[in-house]
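# Geometric and topological summary
Listed below are the residues making up each chain.
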Amino acid sequence: TITGSRDNLHAAVIRYLWKKNPSLRNPPYVGIMHRLDRETSGVILFTKTRAGNKNVFDMFEQHAAQKVYRAVCTRKMQLGKAPLSEVPQKFCIDKPIGRISASSAACKMGVVETSDHHTNNVKEIQAARTDCLLVGKKDNRYYIEARPHTGRTHQIRVHLSWYGLPLVGDELYGGEGGGRIMLHAQSLTFPHPVTGQMMCVESPLPDGFQY
């Protein structure tokens, strides 16, 4: 989405399609069906006709689309918990997420325990689950394959930070600074909204995401 006058991927796609068909009197339609954080690279899905919007929306609502992300993390003590003795190869984070910043401030989300519900706006608390796989470790960097089953704001960043593995570059959630947030949307697998044929779109890992 547009933030002030800042350029964005949605606007870039519109420019690209309009350049391909300059005879159009109005900007071509581009539907935003899911979002990536500004610094997250990788696969994203737009629609080019309004007719396909409902099927794509239903696909995400019914969790028929499978998203795979690569995250690069550091290991820290969990907030209010004992430090991780060892990062398991597979783990699942099934914790609700809610907004913990004021509505007038920049958005910051957090894991909300059941006992904390009375201190939060319950309407903003949503169930969230992320399956994780440790695919590599090098020089105190943990390379995590994250598969979110829900699409909550900042979900992977919040879940991994709560678990004790904040993303490199993600200072908002306790990660080391000094560069981009190390999160990449590696692949998206989904049924084509018209034919039903399974599609898989992949984006190569950028520099720094390999181990």
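Residues numbered from 1 in each chain as written. Predicted model: local features only at pLDDT ≥ 70, side-chain atom pairs only at ≥ 80, totals over all residues. Heavy atoms only, no water.

Once that is clear, we can look at the overall build of the protein chain. When helices and strands are tallied, the protein chain shows three helices and eleven strands. Of the regular secondary structure in the protein chain, the N- to C-terminal order runs α-β-β-β-α-β-β-β-β-β-β-α-β-β. Evaluated residue by residue, the protein chain yields a buried proportion of 41% over its 211 residues. Of the contacts made within the protein chain by residues no fewer than 6 positions apart, 59% connect residues no fewer than 24 positions apart. (Helix = DSSP H or I, 4+ residues; strand = E, 2+ residues; numbered from the N terminus. Buried < 20%, exposed > 50% of the residue type's maximum accessible area, 1.4 Å probe, protein only. Contact = heavy atoms within 4.5 Å.)

Let's shift gears to the environment of Cys 92. Note on placement: Cys 92 falls in strand β5 (residues 90-94). Of the residues examined, Cys 92 reaches a relative accessible area of 41% and is grouped as partly exposed. With 41 residues separating them along the chain, Cys 92 and Leu 133 place their C-alpha atoms 8.7 Å apart. Ignoring anything within four residues of it in the chain, the contact list for Cys 92 reads Arg 129, Thr 130 and Asp 131.

If you look at the biggest cluster of nonpolar residues, it comprises 26 residues, and the most contacted ones within it are Cys 73, Phe 91, Ile 144, Leu 160 and Leu 165. Secondary structure elements with two or more residues in this core: β4 (66-73), β5, β7 (109-111), β8 (129-138), β9 (141-148), α3 (155-163) and β10 (183-191). Residues Met 33, Val 43, Ala 65 and Phe 190 belong to the second largest nonpolar core, which totals nine residues. (Core = buried A, V, L, I, M, F, W, Y, C linked by side-chain atoms within 4.5 Å.)

This part covers the pattern of salt bridges. Taken as a whole and judged by the stated rule, the model has seven salt bridges. Measuring nitrogen to oxygen at the nearest pair gives 3.0 Å for the salt bridge that ties Arg 15 to Asp 7. One salt bridge in this structure joins Arg 129 and Asp 131, with 3.1 Å as the shortest N-O distance. Exposure remark for Arg 129: the relative accessible area of 33% places this residue in the partly exposed category. Connected through salt bridges with shared partners, the residues Asp 37, Arg 157 and Asp 170 form a single ionic network. (Salt bridge = Lys/Arg side-chain N within 4 Å of Asp/Glu carboxyl O.)

Take the packing of aromatic side chains next. Within this structure, the stated rule accounts for two aromatic pairs. Here Phe 91 and Tyr 163 contribute two aromatic rings whose centre-to-centre distance is 4.3 Å and whose plane-to-plane angle is 5°, an arrangement assigned as stacked. Placement of the pair is Phe 91 in strand β5 and Tyr 163 in helix α3, with a sequence separation of 72 residues. Across the pair, Tyr 163 and Phe 91 agree in class, each one buried. Here the aromatic rings of Tyr 143 and Tyr 211 are separated by 5.4 Å at their centres, their planes lie at 45°, and the arrangement is tilted. (Phe/Tyr/Trp six-rings, centres within 6.5 Å; stacked < 30°, edge-to-face > 60°.)

A few words now on the side chain of Ser 187. The residue Ser 187 is located in strand β10 in this model. With relative accessibility at 12%, the residue Ser 187 sits in the buried group. Apart from residues no more than four positions distant in its own chain, Ser 187 is found in contact with Val 43, Gln 66, Lys 67, Val 68, Val 201 and Glu 202.

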